[in-house]
Amino acid sequence: MSIDTTTLLAILAMALVTYATRVAGLLVADRLALTGRAKAAFDAIPPAVLVAVIAPTALTSGWPEAIAAAITALVAFRLPLLATVVVGVVAVVLLRNFL
Amino acid sequence: MDQANPHMTSYKRDAKAGLRDIAPAAIAAIPIGLLFGAVAVGKGLSPAEVALMSALVFAGGAQFAAIETWVSPAPVLALAFGTFLINVRHVLMGASLSPKTRLSRVEKFIAFFFMTDESWALSERRALDRPVTAAYWAAMAAVLYINWVTSTTLGAVLGSFLGDPARFGADFAFTALFIGLVAGFGRSRVTLVTVAVSAVVAALVHYFIGAPWHVASGALAGIAAAYITAGKEADA
């Protein structure tokens with residue numbers, strides 16, 4: 001049960017940033033009403049970040065991962081989240097064994 | 001005593017409603033929490049570090065992203081910036097929900113530590129016909145928080161016995177999970193362009209420059225693409 005100093009710093013930094021975003025809304029309530037392009041850019045933040053995180057694994061680590069990512073994306077619109085994850089993991093295990 | 005009774009029953013009723021509303025999300029989060037803990041120890045974190053991260057950060061998306069790009073020693077500033085990008089949505093969520101809650105200012109600063117996508121969305125829905133009370137919020141927050149810290153820590157403890165997550169494709173589970181989450185943002189023109197631009201830029205930056213810069217550059221390119229694609233008509 002060890003805690004590395006740098007890891008502890010990283011966790012504290014993540015915690016502080018996260019808490020700041022959670023309470024910042026309390027300070028700007030009623031004054032923050034984004035519209036138009038600004039709102040589109042703001043709404044795009046979560047999908048843009050999520051995709052950027054996985055892009056190297058999904059696109060450049062090999063054919064099994066790339067094909068499994070494509071299969072996952074196809075089923076993601078039809079299945080609940082957990083089922084999507086199961087399909088993706090099963091697909092990558094099968095593809096790694098047969099490609 | 002008679003005057004205290006209606007208050008007590010409304011408190012209980014709201015707490016019950018909170019438990020009922022949050023139950024499906026809490027159950028769905030258990031396997032995801034187990035997975036998070038297992039992959040985190042695979043990346044070199046100790047179960048104690050996993051527990052600490054879940055208890056202090058308590059933000060699934062940011063924790064997944066941090067672990068996916070985790071290297072040792074931890075790049076503190078890059079992780080903080082990545083966390084900010086993923087969680088900045090909280091600012092709008094909090095601004096929207098704050099006036100709909102029946103909480104004092106101090107209570108809000110405590111309560112909003114526990115704000116998640118799920119509890120926010122359920123509260124916004126409840127706020128359509130009644131204010132969000134402390135009992136309702138606290139019931140949801142307590143369940144999700146205990147659930148998340150317990151399941152991620154358990155996953156970390158079990159994961160250290162299971163060994164290399166790549167053996168059963170668990171290393172790909174985050175990728176699949178993120179694809180599933182992205183699908184939840186729909187298939188509008190703006191979203192599709194955002195996703196495509198972010199993916200290509202992140203992959204190129206990762207290939208030519210390396211981690212962790214692909215996250216910020218891919219995300220910023222995707223956000224810029226959304227701004228441009230939304231076009232002038234969105235401003236009207």
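Rules used in this analysis
Residues numbered from 1 in each chain as written. Chains lettered and ligands numbered in written order. Predicted model: local features only at pLDDT ≥ 70, side-chain atom pairs only at ≥ 80, totals over all residues. Heavy atoms only, no water. Helix = DSSP H or I, 4+ residues; strand = E, 2+ residues; numbered from the N terminus. Buried < 20%, exposed > 50% of the residue type's maximum accessible area, 1.4 Å probe, protein only. Domains from an automatic or database assignment. Contact = heavy atoms within 4.5 Å. Buried area = accessible area lost by both parts, 1.4 Å probe. Polar contact = N/O pair within 3.5 Å; in protein donor to acceptor, adjacent residues only side chain to side chain. Nonpolar A, V, L, I, M, F, W, Y, C, P; charged D, E, K, R; others polar. Axes fitted to C-alpha atoms, helices over the stretch in contact; angles between N-to-C directions. Left-handed = near helix turned anticlockwise from the far one by under 90°. pLDDT = per-residue confidence, 0-100. Salt bridge = Lys/Arg side-chain N within 4 Å of Asp/Glu carboxyl O. Expected span 1.5 Å × (residues − 1). Parallel < 35°, antiparallel > 145°, perpendicular 65-115°, else oblique.

Draft legend 1. Up close: the overall build of chain B. Counting its secondary structure elements, chain B contains 11 helices and 0 strands. Of the regular secondary structure in chain B, the N- to C-terminal order runs α-α-α-α-α-α-α-α-α-α-α. A principal-axis box enclosing the C-alpha atoms of chain B has dimensions of 70 × 55 × 30 Å. Taking all 236 residues of chain B together, 50% fall into the buried category.

Draft legend 2. Representation of unusual backbone geometry within the structure. With omega at 0°, the peptide bond leading from Ser72 of chain B into Pro73 of chain B counts as cis. Tracing the backbone shows Pro73 of chain B in the loop between helix H3 (60-68) and helix H4 (76-87).

Draft legend 3. Expanded view of the domain arrangement of chain A. For chain A, the assigned domains are domain 1 (1-32) and domain 2 (40-99). Placing the centre of domain 1 of chain A and that of domain 2 of chain A at their C-alpha centroids yields a distance of 28 Å.

Draft legend 4. Structural view of the environment of Ala170 of chain B. Residue and element names in this part refer to chain B. Checked against the element boundaries, Ala170 lands in the loop between helix H8 (134-162) and helix H9 (173-183). On the basis of relative accessibility, which here comes to 13%, the residue Ala170 falls in the buried class. Separated by 135 residues in sequence, Ala170 and Leu35 place their C-alpha atoms 7.6 Å apart.

Draft legend 5. Region of interest: the environment of Leu158 of chain B. You can see Leu158 of chain B is positioned in helix H8. In the structure, Leu158 of chain B is positioned 124 residues away from Leu34 of chain B in sequence and 8.4 Å away in space, judged by C-alpha atoms.

Draft legend 6. Layout of the interface of chain A and chain B. Taken residue by residue, the interface counts 69 residues in chain A and 85 residues in chain B. When the buried surface of chain A facing chain B is broken down by residue, Met14, Arg22 and Arg37 of chain A rank first, second and third, together holding 13% of it. The interface formed by chain A and chain B holds 15 residue pairs in polar contact (both at pLDDT 80 or more) in total. Among the secondary structure elements, those contributing two or more residues to the side of chain A that touches chain B are helix H1 (5-28), helix H2 (36-43), helix H3 (45-60), helix H4 (63-76) and helix H5 (81-98) of chain A. Considering only residue class, the side of chain A that touches chain B consists of 50 nonpolar, 13 polar and 6 charged.

Draft legend 7. Structural detail: the packing of H3 of chain B against H4 of chain B. All names here are of chain B. At a minimum axis distance of 9 Å, the contact between H3 and H4 shows a crossing angle of 145°. For H3 against H4, the interelement crossing comes out right-handed. Seen from H3, the contacting residues are Gly61, Ala62, Ala65 and Ala66; seen from H4, they are Leu79, Thr83, Ile86 and Asn87. Classifying every residue of the contact of H3 with H4 gives 5 nonpolar, 3 polar and no charged.

Draft legend 8. Examining the confidence of the model for chain A more closely. Across chain A, the average pLDDT comes to 89, with 95% of residues at 70 or higher. Looking across chain A, the model is least confident in H2 of chain A, with a mean pLDDT of 86, and most confident in H4 of chain A, with 96.

Draft legend 9. Molecular detail of the pattern of salt bridges. Within this structure, the stated rule accounts for 6 salt bridges over all chains. In this structure, Arg96 of chain A and Glu65 of chain A form a salt bridge, with 3.0 Å as the shortest nitrogen-oxygen distance. One end of the pair, Arg96 of chain A, is in helix H5; the other, Glu65 of chain A, is in helix H4, with 31 residues separating them in the sequence. Judged by relative accessible area, which is 30%, Arg96 of chain A ranks as partly exposed. We note a salt bridge from Glu124 of chain B to Lys100 of chain B, for which the minimum N-O separation is 2.7 Å. Within this pair, whereas Glu124 of chain B is found in helix H7 (residues 117-126), its partner Lys100 of chain B is found in the loop between helix H5 (89-97) and helix H6 (105-111), the two being separated by 24 residues in sequence.

Draft legend 10. Spatial organisation of H4 of chain B. Between its terminal C-alpha atoms H4 of chain B stretches 16 Å, which fits the 16 Å expected from 12 residues at 1.5 Å a residue. Every buried residue belonging to H4 of chain B is among Leu79, Ala80, Gly82, Thr83, Leu85, Ile86 and Asn87 of chain B, and all of these are buried. Those residues of H4 of chain B that are buried are in contact with H1 and H3 of chain A together with H3, H5 and helix H11 (213-230) of chain B.

Draft legend 11. The arrangement of the domain arrangement of chain B in detail. All names here are of chain B. In terms of domain boundaries, chain B breaks down into domain 1 (4-184) and domain 2 (186-236). The straight-line distance from the C-alpha centre of domain 1 to that of domain 2 is 25 Å. If you look at the interface, domain 1 gives 7 residues, while domain 2 gives 7 residues. For the pairing of domain 1 and domain 2, the buried interface totals around 570 Å² over both sides, and the portion due to carbon and sulfur atoms is 82%.

Draft legend 12. Region of the structure containing the packing of H5 of chain A against H9 of chain B. Close contact between H5 of chain A and H9 of chain B brings their axes to 8 Å; oriented N to C, the two are set at 140°. The angle between H5 of chain A and H9 of chain B places the two elements in the oblique class. Seen from above, H5 of chain A lies across H9 of chain B with right-handed handedness. Across from Leu81, Thr84, Val85, Gly88 and Val89 of chain A in H5 of chain A, the residues of H9 of chain B making contact are Ala173, Ala176, Leu177, Gly180 and Leu181 of chain B. Grouping the amino acids of the contact of H5 of chain A with H9 of chain B by side-chain chemistry returns 7 nonpolar, 3 polar and no charged.

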